[in-house]
Amino acid sequence: MSVIQQGTATLRKAKKAVVKTCLDNPFVLEWKTIDGEDMHFILQTLEERIKHTGLKKIETPRVKKRSLTKKQIERKCNASTSELPKEENAEGHRQKTGWTDTSIRRQLAIGVNEVTKALEKDELLLLLVCKSAKPAMITSHLIQLSASRATPAGQVPRLSETIAPLLGLTSILALGFKKQSDTFTEAIAAIIPKIPALEVPWFQYRTEESVHFAHEGSSENEEPEQLAEVLGDEFMSLKRKRMESNLSNVILQPMKIKKLVPNPSKIKKPPRKKKKAFSA
C-alpha cells in the first residue's frame, strides 16, 4: 500500500477590497469672476492704498554655503581680523526682517489658511480670491464659508501678480480684510458694490444687504473711523438676523440616489472548509 504524503501547499487568502466612504456634493459651486472695468478698478484701488500705507514684508536672501577646504578656512581666519569693522558697518545698513507695520498687517488675512480661519471666526468684511489658483479646489471651499457668513467675496484675475510684489510676497491666492481694518475702510466701501453676490443653492439669503449698505454708508463726508463703525455694526446686525431667523430661510434640495454599492467587507460569507489530506 502506498502512502500519500501530506501536501505542503497552503491556501492563499483573497485580499480584502479596500473601500473608502466619501460624501459627494450634487451641486457645482463656482466663483463669479470679476472682469473688465470692475477688475481694473479693484486692482487700482488696492494698489494705491497699499502703496500709501507702505506695508511690505522684508526678507533677507538666503545664500547657500559651500564646504570650504583647509586652505580656504585658514585664509578666511586671517582675513576676518581685518574685516571686522567693515562687517559692523554693513550690519548697521541692513533693514530689519519682517513686516514694516505690524498693526496694519493684523488688519489683513493673507493666504488661504489665514482667510479660512478668519471666515470661521466671522472676522472678515471682504474677501478677494485670485483666479490663478490651481487646482481650483484650493479656494472652492471659501464660497460656502463666505455665503454662510454673508461676507462679500469674488474672484479677481491678476490679483496675485499685482498685489504680491507690493507686499514683498511671491504669490497671494486669497486676501481678506478684517472688520477692524481702519486703514482700508474707504477701499472696502468702494470695492464691495463691484462684487457680484454668491449663489449657493441651500442659502436663500444673499449678500444684497451688505452690498446695499455699502452704497449708503460710503459717503464722502464720513471719516474712516466712522465708516469702520458703520461696517461693523451693519454686519453684526446681519448676523443677529440670521441667528434669529427660522429654518424657513434655508431651502433643502432633494438628493437623488443613482446607485447603491454594498460594502463588500460587511457581507457575510460562509466559512471555507479546509481540505484535509487522507492517508491510506
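For clarity, every value in this text was computed on a predicted model and none was experimentally measured. (Residues numbered from 1 in each chain as written. Predicted model: local features only at pLDDT ≥ 70, side-chain atom pairs only at ≥ 80, totals over all residues. Heavy atoms only, no water.)

*Asks:* Even after reading the chapter, I still don't get the nonpolar core, so can you show me in this structure?
*Replies:* In globular proteins that are soluble, nonpolar side chains generally tend to be buried together. Within the largest apolar cluster, 27 residues are counted, with the highest numbers of intra-cluster contacts made by Leu46, Leu126, Leu128, Val156, Leu159, Ile163 and Phe177. Of all the elements, helix H1 (residues 37-53) adds the most residues to this core, at five residues. Setting aside residues no more than four positions away along its own chain, Phe177 makes contact with Leu46, Gln107, Leu108, Glu123, Leu124, Leu125, Leu126, Leu128, Phe184 and Ile188. By size, the runner-up hydrophobic cluster in this structure holds 19 residues, among which are Val112, Val115, Leu142 and Leu198. (Core = buried A, V, L, I, M, F, W, Y, C linked by side-chain atoms within 4.5 Å. Buried < 20%, exposed > 50% of the residue type's maximum accessible area, 1.4 Å probe, protein only. Helix = DSSP H or I, 4+ residues; strand = E, 2+ residues; numbered from the N terminus. Contact = heavy atoms within 4.5 Å.)

*Asks:* Looking at this structure, how should I read the pattern of salt bridges?
*Replies:* If charged atoms from side chains of opposite charge come close, those side chains can pair. In this structure the tally under the stated criterion is four salt bridges. Put simply, Lys32 and Glu199 hold a salt bridge, and the shortest N to O gap is 3.1 Å. Remark: Glu199 occurs in the loop between helix H8 (185-191) and helix H9 (208-217) and Lys32 occurs in the segment before H1; sequence separation between them is 167 residues. Overall, the relative accessible area of 60% leaves Glu199 in the exposed class. The salt bridge involving Asp122 is made with Lys179; its shortest N-O contact spans 3.7 Å. Taken together, the residues span a long stretch of sequence, with Asp122 in the loop between helix H5 (112-120) and strand E4 (124-130) and Lys179 in the loop between strand E6 (174-178) and H8 at a distance of 57 residues. One exposure class covers both Asp122 and Lys179, and it is buried. (Salt bridge = Lys/Arg side-chain N within 4 Å of Asp/Glu carboxyl O.)

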